[in-house]
Amino acid sequence: MGDGCHAYLQPDGGWGWSNAGLIVGDGRSLLVDTLFDLKLTASMLDAMAPLTEAAPVTSLVNTHANGDHCYGNSEVVTKWPGVEIVASTATAEEMPEVPPAMLDALNQAPGEVGDLFRSFFGEFDFGGIELELPTRTFDDRLELEVGGRRIELIEVGPAHTQGDVIVHVPDARTVYTGDILFIGGTPIVWAGPLSNWVAACDLMLSMDVETVVPGHGPLTGRSGIVEVRDYLAFVDDEARGRHDAGLDAFDAARDIAQLLDASPRFGDWGEYGRIAVNVDTVYRSLDPNHDTPDVVEQFRRMAELEAH
């Protein structure tokens, strides 16, 4: 990418295949996120070695709590024992809620539940992962100096998760978005409200950025931010209308999925079954008493939509 900003991209950006980044300063580097398991993270660090030999990683930022952005933290700590792990307060609190052992157990489960989770995460090895939690937390904004470079951490959650953070490198006109951007794949709104996520996109569009590194998918620019923003605004509006009309959340998701499938803008995005979670999040934001299904049922619904 140039300007000492690097992206580690994993094809095809689908479930668990996340991106990471490396910002190299004078003699020190900052790593943006780790990967879903230890083997993948070790391979990434090996690929980065030509850069980090002269500029070791002294700071690691986890953009949010999902395992495909933090389960590899221990590989970084092993390689650079004094590394500082930085995240928002909300992310640090949310990280232990889905420990690697839980996903390992779901992947190993017999029968229908195991088959379901292996269809999403069967290519990853969660065994033996000890999650390394953040050593420094912040709220709202934090400015770091790494090897003479100013790096801005901006909390934009709750949106995708409770504590999403974007990483802005002003001198390179670059932003690492974490899962505030999925490019070529459907965003999934675990936390919401969707309006917060739309606001995060608007914030990035107001910034002087040229290169945008998404949490999943290929590099993009301002147009990628606009696409995600418009998808979320569309889903929010359509789901609100169906909620007000008294439609069940999953029925509303099926209905909106048909509209998206016919859309020239969003119809070819991957992981389109995530609309089930996104609509449920809209319903929950409108009604605190809305009964959100458990995580197994949420994945079952996503699989059901994508099977049709």
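Look a little higher up for the structure.
Because the structure is predicted, anything quoted here is derived from the model rather than measured.

### Quick word on the sheet that holds strand E3 (residues 29-32)
So, point 1. If you trace the six strands from one edge of the open sheet to the other, you get E1-E2-E3-E4-E5-E6, paired in mixed fashion. Only two strands of the sheet have a single partner each, and these edge strands are strand E1 (5-8) and strand E6 (136-138). Across this sheet, the average inter-strand angle for adjacent strands is 20 degrees, counted without regard to direction.
So, point 2. The sheet contact formed by strand E2 (residues 20-24) and E3 spans four bridges and is antiparallel. Among the inter-strand pairings, Ile-23 is bridged to a residue of E3, identified as Leu-30.
So, point 3. Against the sheet, helix H1 (residues 38-52) touches E1, E2, E3 and strand E4 (57-61), its axis set at about 15 degrees to E2.

### Overview of H1
So, point 1. Given a rise of 1.5 Å per residue, 15 residues ought to cover 21 Å, yet the end C-alpha atoms of H1 are separated by just 18 Å, more than 12% below that figure.
So, point 2. In H1, a bend of some 35 degrees at Asp-46 exceeds every other bend along the element, and Pro-50, a proline, comes one to four places later.
So, point 3. Along H1, the residues classified as buried are Leu-40, Thr-41, Met-44, Leu-45, Met-48, Ala-49 and Thr-52.
So, point 4. Buried residues along H1 sit against E1, E2, E3, E4 and helix H2 (73-79).
So, point 5. Of the residues that open H1, the one with a side-chain oxygen 3.3 Å from the backbone nitrogen of Lys-39 is Asp-37.

### Points about the pattern of salt bridges
For side chains bearing opposite charge, pairing can occur when the charged atoms are close.
So, point 1. If you walk through the whole model with that rule in mind, you get 21 salt bridges.
So, point 2. For Arg-136, the salt bridge is made with Glu-84, and the minimal N-O distance between the two is 3.5 Å. Residue Arg-136 is found in strand E6, and its partner Glu-84 is found in strand E5 (residues 84-88); the two are separated by 52 residues along the sequence.
So, point 3. Put simply, Arg-300 and Glu-304 hold a salt bridge, and the shortest N to O gap is 2.8 Å. Taken as a pair, Arg-300 and Glu-304 lie in helix H10 (residues 295-306) at a separation of four residues, close to a single helical turn.
So, point 4. Under the relative-accessibility criterion, Arg-300 is labelled partly exposed at 30%.
So, point 5. A single network of salt bridges, built from pairs that share partners, joins Asp-251, Arg-254, Glu-297, Arg-300, Arg-301 and Glu-304.

### Re the packing of aromatic side chains
By convention here, two paired aromatic rings are described through the distance between centres and the angle between planes.
So, point 1. One pass over the full model with this rule turns up 19 aromatic pairs.
So, point 2. With a centroid separation of 5.3 Å and an interplanar angle of 50 degrees, the aromatic rings of Trp-15 and Phe-299 are classed as tilted. In this pair, Trp-15 sits in the loop between E1 and E2 while Phe-299 sits in helix H10, placing the two residues 284 residues apart along the sequence.
So, point 3. Plain terms: the ring middles of Phe-36 and Phe-124 are 4.9 Å apart, the flat faces sit at 55 degrees to each other, and that makes the pair tilted. Of the two residues, Phe-36 sits in the loop between E3 and H1 while Phe-124 sits in the loop between helix H5 (111-121) and E6, which places them 88 residues apart along the sequence. The same class applies to Phe-36 and to Phe-124, which are both buried.
So, point 4. Members of the aromatic cluster, connected to one another through ring pairs, are Trp-15, Trp-17, Phe-36, Tyr-71, Phe-117, Phe-120, Phe-121, Phe-124, Phe-126, Trp-190 and Phe-299.
So, point 5. Its guanidinium or amino end placed over the ring of Trp-80, Lys-79 lies 5.3 Å from that ring's centre, counting from NZ or CZ.

### Comments concerning the layout of surface pockets
So, point 1. Each pocket or cavity is described by its volume, and for the largest pocket that value is around 750 Å³.
So, point 2. Taken together, 38 residues make up the lining of the largest pocket; nearest its centre are Asn-66, Val-98, Trp-190, Val-295 and Phe-299.
So, point 3. Among the elements of the structure, helix H4 (100-108), H5, helix H9 (275-286) and H10 are those that each provide at least two residues to the lining of the largest pocket.
So, point 4. The residue inventory of the lining of the largest pocket, partitioned by class, reads 20 nonpolar, 11 polar and seven charged.
So, point 5. Every residue lining the second largest pocket is counted, 14 residues in all, and those nearest its centre are Ala-257, Gln-258, Asp-261, Tyr-272 and Leu-305.
So, point 6. The set of elements that each furnish at least two residues to the lining of the second largest pocket consists of helix H8 (249-261) and H10.
So, point 7. A total of five residues in the lining of the second largest pocket trace back to one element, the largest contributor, which is H8.

### Quick notes on empty space enclosed by the protein
So, point 1. Counted by the stated rule, this structure contains two cavities of 30 Å³ or more.
So, point 2. Put simply, the largest cavity is a space of about 60 Å³.
So, point 3. If you trace the largest cavity, you find it lined by Ala-249, Phe-250, Ala-253, Ala-276, Val-277, Val-279, Asp-280, Pro-293, Gln-298 and Arg-301.
So, point 4. Elements with a minimum of two residues in the lining of the largest cavity: H8, H9 and H10.
So, point 5. Classifying every residue of the lining of the largest cavity by side-chain character gives seven nonpolar, one polar and two charged.
So, point 6. There is about 50 Å³ of room inside the second largest cavity.
So, point 7. Lining the second largest cavity are Asn-19, Ala-20, Gly-21, Val-32, Asp-33, Thr-63, Tyr-176, Gly-178, Val-213, Pro-214 and Gly-215.
So, point 8. Of the residues that constitute the lining of the second largest cavity, the class distribution is five nonpolar, five polar and one charged.

Rules used in this analysis
- Residues numbered from 1 in each chain as written.
- Predicted model: local features only at pLDDT ≥ 70, side-chain atom pairs only at ≥ 80, totals over all residues.
- Heavy atoms only, no water.
- Pairing = 2+ DSSP bridges.
- Helix = DSSP H or I, 4+ residues; strand = E, 2+ residues; numbered from the N terminus.
- Axes fitted to C-alpha atoms, helices over the stretch in contact; angles between N-to-C directions.
- Contact = heavy atoms within 4.5 Å.
- Expected span 1.5 Å × (residues − 1).
- Bend = angle between axes of the 7 residues up to and from the residue.
- Buried < 20%, exposed > 50% of the residue type's maximum accessible area, 1.4 Å probe, protein only.
- Polar contact = N/O pair within 3.5 Å; in protein donor to acceptor, adjacent residues only side chain to side chain.
- Salt bridge = Lys/Arg side-chain N within 4 Å of Asp/Glu carboxyl O.
- Phe/Tyr/Trp six-rings, centres within 6.5 Å; stacked < 30°, edge-to-face > 60°.
- Lys NZ or Arg CZ within 6 Å of the ring centre and 35° of its normal.
- 1 Å grid on protein atoms, 1.4 Å probe; cavity = no way out; pocket = protein on both sides within 12 Å on 5 of 7 lines; lining within 4 Å.
- Points joined across faces, edges and corners; volume = space filled by probe spheres on them.
- Nonpolar A, V, L, I, M, F, W, Y, C, P; charged D, E, K, R; others polar.

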